[in-house]
Amino acid sequence: MTASKRDDSPTTKHLVVNFTKRDLILYALGIGCCSKEYKGEELRFVYERHPSFQMFPTFLLTMYFAAETKSKGHSGIRPFPPESMSLSKNESGIIPTVFLKNADDVQELKHLPILHMSQSLVFHNEILPLNNNTDGDDHPVTIDLQTRILSIRPRSVGTFVTTETKYYQEESCFATAQMTALVFGLSPEKVVSWQGSDKIVPTNTNNLTTKNIATKKTMHEFNIPPNAALLYRLSGDYNPIHVEGTDGDNHGPMLHGLCTMGYATRAILQHMKRFSKRDMRMTEIRCNFVKPVFIGDAIRVEVCGINDGVDHHMSVCFCVYRSSSGEKLVDKGYATLLQSKTASRL
């Protein structure tokens, strides 16, 4: 796929991010790969000498938090919100000052919790080889990101901000992600509502759930270890609520939404392995985060095949539940996979 014309609207930022095999491994460990579940199948995501070593599909979403302008070149732990979430130039904060009715409210904005509400990731073509070095060194791979605001929607609970991120390599856009975050507690009286001209992709285009589909179904249990959030944050999301928790919350720190999405993706890959003999690659995944997963929780991922392997194509829907109470934590999950032509090797 050739790159579409890059957008230079006021809310757009052009960023760059570098990553290595070490980053891929750290991410995969952060979502629980090669714990007691599925150790054999997941070794390809955590061991660089594995003959099929490759990027875990949802790793791309971590780049949003690590990306920065080319002039900075920082490494190590970065402040939160990251530069990608501070979408207006020379400003900090997820909402540009131009959308605040009073510029002084930017100070309040900096201290309000930001909650991840929904996420999508679409691959436009099969990922090309990113690093074919044979000298044994872990050379960094460079990806360009274009990030922009699609909408700002004030509501009574806070203000919802939807952003889009396009991923480029060598001027070719190979993936697009959309994220909706809630600035919890930001009054609608302080924000200017805004809707861009581009369409926001619905979280689940088919409105399917695991309960209304009579087809092949698998259930996957995961125990979230006590250090899960501490390990996952090293992939770039340093939001302090995942360590410190929030005021008045008796449950303790909540797990990153994208970490929960990673666990769900592990379940999808296992579903694929059970019902399809073909080597499949993920082409799309999207979901809503309904309630938080807390450190120490046991969760259950339910995956239902919509058309398992028909015409070299697989579609699934998925939900995540808290095992102890049955509460739904992730809803309207949907993913598609296609038969792979080449391995996404590094």
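For the structure itself, look to the data block above.
Bear in mind that the values here come from a model prediction, so they are computed numbers and not experimental data.

Visitor: Where do I start with the overall build of the chain in this structure?
Guide: When its secondary structure is counted, the chain shows seven helices and eleven strands. The buried share among the 346 residues of the chain stands at 54%. Long-range pairs, those at least 24 residues apart, make up 73% of the contacts in the chain between residues at least 6 apart in sequence. Accessible surface for the chain amounts to roughly 15,900 Å². Of this, 51% is attributable to carbon and sulfur atoms.

Visitor: In this structure, what is going on with the pattern of salt bridges? I would like to understand it.
Guide: Side-chain pairs of opposite charge can arise whenever the charged atoms involved come near each other. For the structure on display, the rule yields nine salt bridges. In this structure, Glu 284 and Arg 286 form a salt bridge, with 2.4 Å as the shortest nitrogen-oxygen distance. Given a relative accessible area of 15%, Glu 284 falls into the buried group. On the basis of relative accessible area, Arg 286 is assigned to the buried category, the value being 3%. Overlapping salt bridges bring together Lys 291, Asp 297, Arg 322 and Glu 327 as one network.

Visitor: Explain unusual backbone geometry to me, please; I cannot follow it from the model alone.
Guide: With the exception of glycine, most residues fall at negative phi, and the peptide bonds are largely trans. The phi angle at Cys 34 is positive, at roughly 65°, despite the residue not being glycine. Along the chain, Cys 34 turns up in the loop between α1 (21–30) and α2 (39–42). A positive phi angle is found at Glu 170, which is not glycine, with a value near 55°.

Visitor: Can you walk me through the nonpolar core in this structure?
Guide: Looking at soluble globular proteins, one finds that nonpolar side chains tend to be buried together. Leu 60, Met 63, Ile 95, Leu 121, Ile 143, Tyr 167 and Ile 268 are the most contacted members of the largest nonpolar core, which totals 79 residues. Residue contributions to this core peak at nine residues, all from helix α7 (residues 257–275). Residues contacting Leu 60, with those up to four places away along its chain left out, are Met 55, Leu 121, Phe 123, Tyr 167, Phe 174 and Ala 175.

Visitor: So what exactly am I meant to see when it comes to the pairing of strand β5 (residues 172–184) here?
Guide: One face of the sheet, then the other: side chains in a regular strand alternate in exactly this way. Of all 13 residues in β5, twelve are buried; the element is thus mostly enclosed. Of the pairings in the sheet, the one linking strand β4 (residues 158–169) to β5 comprises twelve bridges and is antiparallel in character. Each bridged residue has a counterpart across the sheet, and for Thr 162 the counterpart in β5 is Thr 180. What sits between the antiparallel neighbours β4 and β5 is a turn of two residues, in which Glu 170 has the positive phi angle 55°.

Visitor: Would you take a moment to explain α1 for this structure?
Guide: Since the α-helix turns once every 3.6 residues, residues separated by three or four places project in the same direction. Within α1, seven of the ten residues are buried, which leaves it mostly tucked inside the rest of the structure. Inspection of α1 places Lys 21, Leu 24, Ile 25, Leu 26, Tyr 27, Ala 28 and Gly 30 among the buried residues, and these make up the whole buried set. Taken together, the buried residues of α1 touch β1 (13–19), α5 (228–232) and α7. Count one or two residues on from α1 and you reach Gly 32, which has phi positive near 90°.

Visitor: Sorry, what's going on with the pairing of β4 here?
Guide: Within β4, twelve of the twelve residues are buried, which leaves the element mostly enclosed by the surrounding structure. Here strand β3 (residues 141–155) pairs with β4 via eleven bridges, running antiparallel. Opposite Ser 151, over in β4, you have Thr 162 as the bridge partner. Here β3 folds back onto β4 in antiparallel fashion, the turn holding two residues.

Visitor: Any chance you could explain the environment of Thr 265 here in plain terms?
Guide: Position of Thr 265 among the secondary structure elements: in helix α7. As a C-alpha pair, Thr 265 and Met 282 span 17 residues in sequence and 9.4 Å in three-dimensional space. Once you skip the residues sitting within four places of it in the chain, Thr 265 turns out to touch Phe 56, Thr 58, Met 282 and Ile 285.

Visitor: What should I look at first to understand α7 in this one?
Guide: Compared with an ideal rise of 1.5 Å per residue, which puts 19 residues at 27 Å, α7 spans 27 Å between its outermost C-alpha atoms and is within 8% of the ideal. Burial of α7 is extensive: 16 of the 19 residues sit out of reach of the surface.

Cut-offs and rules
Residues numbered from 1 in each chain as written. Predicted model: local features only at pLDDT ≥ 70, side-chain atom pairs only at ≥ 80, totals over all residues. Heavy atoms only, no water. Helix = DSSP H or I, 4+ residues; strand = E, 2+ residues; numbered from the N terminus. Buried < 20%, exposed > 50% of the residue type's maximum accessible area, 1.4 Å probe, protein only. Contact = heavy atoms within 4.5 Å. Areas by Shrake-Rupley, 256 points an atom, 1.4 Å probe, with all protein chains shown as cover. Salt bridge = Lys/Arg side-chain N within 4 Å of Asp/Glu carboxyl O. Core = buried A, V, L, I, M, F, W, Y, C linked by side-chain atoms within 4.5 Å. Pairing = 2+ DSSP bridges. Expected span 1.5 Å × (residues − 1).

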